[in-house]
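# Structural description and commentary
Spelled out, the chains give:
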Amino acid sequence: MRKTLLLFMGFVIAFLLLARMARAQSPAPKARAAEDGLALTPPMGWYPWNEFGQEPQNENLIKEIADALVRSGMKDAGYTYVGPDEGICFSRGADGRLTSNLARYPSGLRGLGDYIHQRGLKYALYTDAGTHTCSKAMPGTEDHEFEDMAAFAGWRTDYLKVDWCNSGGLGHNPPPTRNVARDEVDVTAAYAKLRDAQEAAGRPIVFSLCSWGVGEPWKWAASVGHLWRTTGDIAAPGKANWNTAMRNTAANEKLSTAAGPGHWNDPDLLINGMDGLSETQNRSFFSLWCMMAAPLMASNDLRKMTASAIQVLTNREAIGINQDPLGIQGHIARREGQAEIWAGKRLFDGSQVVLIFNAGIAPVEVRVSWSDIGSAESAALYVRDLWTHRTTGPIRGGITVTVPPSDVALLRISKSRTFPLPPVIVADSYWLSFRAPAPGAQKFSGAVTVKTTGSDDLPLWQVRPGLPSWLSVAVKKHGKIQTFSNTISTAGLAKGQYHAVVRADNIEPVSGLPMSALYYDVDLEVGGGGGHTGR
Ligand code: GLA
């Protein structure tokens, strides 16, 4: 009995000591995406920089690109975020506030956002953490972080790239927690302050840090944003550069352990579909970005794409490995001469991806053994070629492939003959707007329809509680299509503008992992007065 008591006391003391030690070590900061549910798979969309640079960016170009994104099938393939980069979008007024450049963006930046949201796309904008953007054509956020993030929220921004030009910044580890003073000018402090300012502005935003690797963001930025540039620019505007693409690949490949759902290494925008890249290089480049779980932000002129460029950019089987819910970044497992054998990318259904990239100028023959993917040589496995879309097998031991120069073999290997695709969400609109001509009890309704492209249906989307009293949302499921029915009741509302952001959550049924949260905006105007003020 005494022995048992002593043992018990020993356990209690050990437990208390361990608890104290755990408290003393500062806990790893929580990934920002754990709260907002954003970008749990790598963001997909379009930014203008690689093809256009600064000068031709204006409202018309962005609208035409948004339309082309829908028309080309890219929206259905998952590309969502779209908007100007350093496109002389705004200036700072005498009162310190940002105002849209109406000469270039006549609808105002809010108007452009509405256009994009109405097409079921999400709105991306750009700014800088220093005094000015890179060309100095636009103000940066330095010393204006809180008012600027409020302006971006007012414009209904969903994704914000924040550059690091004219900042004079240093690296700093670990990141400061909250509300650091601006005189500690370093990269982590500056971006952490912008995170605080975004949170204060109250709009969920995908935060894309663009310090080109300065300050080693892969070590700390998961608690600040959702993705971070790991490299310098991939191209000077107008022409793809294969050598810089390979330089960015090599640097980004080394950082594979930092990537995961909601926190991604970003080796820069895609160069697919641009001048200066062969058909083979287009395919290889896209395969590498998919294998690295890199953001798929196209940057070519979507209004005039060749059939082959569209085919590469919309290859759903390649996109499927990029958008895999486990979010693993593959890496080079070994090299054979000029051939790189990439592995380490397990997918949600237990299958594995192997990428053989021939970086040389002569064809290579490579043997992939099942031990390369952690399977027994005796296993009978199926091999799916993600570019020819053919399945072979079952095969034991491994396979031998021949890869032409600059080309790839992108293979998915599985015990099962079926190769399911993860869900990709496509909405008909991310914005509903209602006008009641006068105060008094009136009812309105409107729907947002969300379809899933992928092998499996999703469970019902769960709307977060806490909607304002004038709005209620019910979700109905018809297979892969789910409809969000919004009922608006103006009873008891005074004249004025009302706004709500609806959030819904879901899980991926095969892996059981959370999916990126779905957000859309609902506006209500009671009693006329007209127009929004978010210019
Ligand atoms: C930096 C960024 C680019 C682009 C330009 C705009 O160079 O890395 O992606 O945004 O600024 O000037």
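Quick summary incoming for the structure in this document. (Residues numbered from 1 in each chain as written. Predicted model: local features only at pLDDT ≥ 70, side-chain atom pairs only at ≥ 80, totals over all residues. Heavy atoms only, no water.)

In terms of helices and strands, the protein carries 12 helices and 26 strands. Taken over the C-alpha trace, the protein has a radius of gyration of 25 Å; the compact-globule value for 535 residues is 24 Å, and the two agree within 12%. Judged by the C-alpha coordinates and their principal axes, the protein covers about 80 × 75 × 55 Å. Counting all 535 residues of the protein, 57% fall into the buried class. Sequence-distant contacts, at least 24 apart, represent 71% of the contacts inside the protein between residues at least 6 apart. Accessible surface, the protein as shown: approximately 21,800 Å² in total, 55% of it carbon and sulfur. (Helix = DSSP H or I, 4+ residues; strand = E, 2+ residues; numbered from the N terminus. Rg over C-alpha atoms; globule rule 2.2 N^0.38 Å. Buried < 20%, exposed > 50% of the residue type's maximum accessible area, 1.4 Å probe, protein only. Contact = heavy atoms within 4.5 Å. Areas by Shrake-Rupley, 256 points an atom, 1.4 Å probe, with all protein chains shown as cover.)

Here the focus is helix α8 (residues 187–201). If you check α8, its first and last C-alpha atoms are 21 Å apart, about what 15 residues at 1.5 Å a residue would give, namely 21 Å. For α8, every residue scored as buried is listed here: V187, T188, A189, A190, Y191, A192, K193, L194, R195, D196, A197 and Q198. Here the buried face of α8 lies against α7 (145–154), β6 (159–163) and β7 (206–210). After α8 finishes, the residue G202 shows a positive phi value of roughly 85 degrees. (Expected span 1.5 Å × (residues − 1).)

Pairing between sheet strands relies on hydrogen bonds along the backbone, with the strands arranged either parallel or antiparallel. Across the sheet, 8 strands lie side by side as β9-β8-β7-β6-β5-β2-β1-β10; this open sheet has parallel pairing. With partners counted over all chains shown, the strands left at the sheet margins are β9 (264–266) and β10 (296–298), one partner each. Strands β5 (122–128) and β6 of the sheet are contacted by α7, whose axis makes an angle of about 160 degrees with β5. Against the sheet, α8 engages β6 and β7, with an angle of about 160 degrees to β7. (Pairing = 2+ DSSP bridges. Axes fitted to C-alpha atoms, helices over the stretch in contact; angles between N-to-C directions.)

Here we take up the packing of α7 against α8. The interhelical angle for the contact between α7 and α8, taken along N-to-C directions, is 50 degrees, at an axis separation of 8 Å. The angle between α7 and α8 places the two elements in the oblique class. Note on packing geometry: the crossing formed by α7 with α8 is right-handed. Two secondary-structure elements touch here, α7 through E145, F146, M149, A150 and A153 and α8 through K193, L194, D196, A197, Q198, A200 and A201. (Parallel < 35°, antiparallel > 145°, perpendicular 65-115°, else oblique. Left-handed = near helix turned anticlockwise from the far one by under 90°.)

Within β7, 5 of the 5 residues are buried, which leaves the element mostly enclosed by the surrounding structure. Burial along β7 is two-sided: V206, S208 and C210 and F207 and L209, pointing in opposite directions, are all buried. Here β6 runs beside β7; their pairing, made up of 5 bridges, is parallel. Bridge assignment links V162 to a residue of β7, and that residue is L209. In the sheet, β7 pairs with strand β8 (residues 227–229) via 2 bridges, with the strands oriented parallel. Residue pairing in the sheet places L209 in a bridge with W228 of β8.

Before going further, it helps to spend a moment on the side chain of T490. With respect to the helices and strands, the residue T490 is situated in the loop between β24 (481–489) and β25 (496–505). A distance of 2.9 Å separates a polar atom in the side chain of T490 from the backbone nitrogen of Q442. When residues no more than four places from it in sequence are discounted, the contact partners of T490 are A436, G440, A441, Q442, F444, L524 and V526. (Polar contact = N/O pair within 3.5 Å; in protein donor to acceptor, adjacent residues only side chain to side chain.)

Turning our eyes to something else, we now look at the packing of helix α4 (residues 59–71) against helix α6 (residues 108–118). Where α4 contacts α6, the axes come no closer than 10 Å and their chain directions differ by 10 degrees. In terms of orientation, α4 lies roughly parallel with respect to α6. The segment α4 lies against α6, with E59, I62, K63, A66 and D67 engaging G108, L112, Y115 and I116. For the contact of α4 with α6, the residue count by class is 5 nonpolar, 1 polar and 3 charged. (Nonpolar A, V, L, I, M, F, W, Y, C, P; charged D, E, K, R; others polar.)

Attention shifts here to α7. Along α7, the positions that sit buried rather than exposed are E145, D148, M149, A151, F152 and A153. Contacts from the buried residues of α7 go to β3 (90–92), β4 (98–100), β5, β6 and α8. Positive backbone phi, approximately 70 degrees, marks R156, located one or two places after α7.

Time to look at the nonpolar core. Y79, Y191 and F286 are the most contacted members of the largest nonpolar core, which has 86 residues in total. What Y191 contacts, discounting residues up to four positions off in sequence, is A129, V162, D163, W164, F207, L209, C210, S211, W220 and V224. One finds Y430, V502, A504 and M515 within the second-largest nonpolar core, a separate group that totals 25 residues. (Core = buried A, V, L, I, M, F, W, Y, C linked by side-chain atoms within 4.5 Å.)

Tallied over the full model, the rule gives 1 disulfide. C89 carries a free sulfur, and the closest cysteine sulfur to it, the one in C134, is 13 Å from it. Its relative accessible area of 1% is what places C89 among the buried residues. (Disulfide = S-S within 2.5 Å.)

Turning to the site of the ligand, a few remarks are in order. Taken together, the neighbourhood of the ligand is formed by W49, D85, E86, Y126, C134, K161, D163, C210, W212, R229 and D233. A distance of 2.5 Å separates an oxygen atom of the ligand from a polar atom in the side chain of D233. Contact with the protein chains removes 92% of the 310 Å² of surface that the ligand exposes when unbound. Among the residues making up the shell around the ligand, the classes are represented as 5 nonpolar, no polar and 6 charged. (Near = heavy atom within 4 Å.)

Treat this as a map of the structure, not an account of what it does.
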